[in-house]
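# Structural characterization, general
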Amino acid sequence: MYNEKESIRKLGDNLRVLRELTGMSQVAFARSIFIARSSYSDYERGLRFPDMSLLLLICDRYGVNLNTMLFGTRGQVEAEYLNEEKVAEKAALIQDIYDFLQQK
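Heads up: these notes are all about the structure in this document. (Residues numbered from 1 in each chain as written. Predicted model: local features only at pLDDT ≥ 70, side-chain atom pairs only at ≥ 80, totals over all residues. Heavy atoms only, no water.)

### Comments concerning the overall build of the chain
Across its full length, the chain carries seven helices and zero strands. Ordered by position in the sequence, the α and β elements of the chain form the string α-α-α-α-α-α-α. What you see for the chain is a C-alpha radius of gyration of 13 Å, in line with the 13 Å of a compact globule of 104 residues. Expressed along its principal axes, the backbone C-alpha trace of the chain runs to roughly 45 × 30 × 20 Å. Buried positions account for 39% of the 104 residues belonging to the chain. A fraction of 56% describes how many contacts in the chain between residues 6 or more apart in sequence connect residues 24 or more apart. Of the roughly 6300 Å² that the chain leaves accessible, carbon and sulfur atoms contribute 52%. (Helix = DSSP H or I, 4+ residues; strand = E, 2+ residues; numbered from the N terminus. Rg over C-alpha atoms; globule rule 2.2 N^0.38 Å. Buried < 20%, exposed > 50% of the residue type's maximum accessible area, 1.4 Å probe, protein only. Contact = heavy atoms within 4.5 Å. Areas by Shrake-Rupley, 256 points an atom, 1.4 Å probe, with all protein chains shown as cover.)

### Points about the environment of isoleucine 33
Among the structural elements, isoleucine 33 can be located in the loop between helix 2 (26-32) and helix 3 (37-44). By relative accessible area, which is 3% here, isoleucine 33 ends up buried. C-alpha separation for the pair isoleucine 33 and isoleucine 97, spaced 64 residues apart in sequence, amounts to 9.4 Å. Those residues in contact with isoleucine 33, other than ones at most four positions away along the chain, are Tyr40, Leu54, Leu57, Ile58 and Arg61.

### Considerations on helix 1 (residues 4-22)
For helix 1, spanning 19 residues, the distance from its first C-alpha to its last is 27 Å, which sits close to the expected 27 Å at 1.5 Å a residue. Regarding helix 1, the residues found buried are Ser7, Ile8, Leu11, Gly12, Asn14, Leu15, Val17, Leu18, Arg19 and Thr22. By the N-cap criterion, in which a side-chain oxygen at the helix start approaches the backbone nitrogen of a residue two or three places on, helix 1 is capped by asparagine 3, the distance to lysine 5 being 3.1 Å. After helix 1 finishes, the residue glycine 23 shows a positive phi value of roughly 80 degrees. (Expected span 1.5 Å × (residues − 1). Polar contact = N/O pair within 3.5 Å; in protein donor to acceptor, adjacent residues only side chain to side chain.)

What follows is the structure, encoded as structure tokens:
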């Protein structure tokens, strides 16, 4: 049975796990997707749910599919993020984000 509160909490947990895996702060990741840190913090804490276009952007940045982001366990999220085939691509993306933030 679908439980909206539980779904928002699970998304928040998954966002936090992924951000911590990247080693980025909330400020850095929020800047990389052009939102305020307070908004991103609300998503991680399960207080708010991002709109679909932002959620898809977040999934793209982390390299995790939407289904895993919304419904996956911590282990599933970590496994998808750490998928060896995607590691080089993710490293390049993180470097691009870092370079972008250094220009600010």
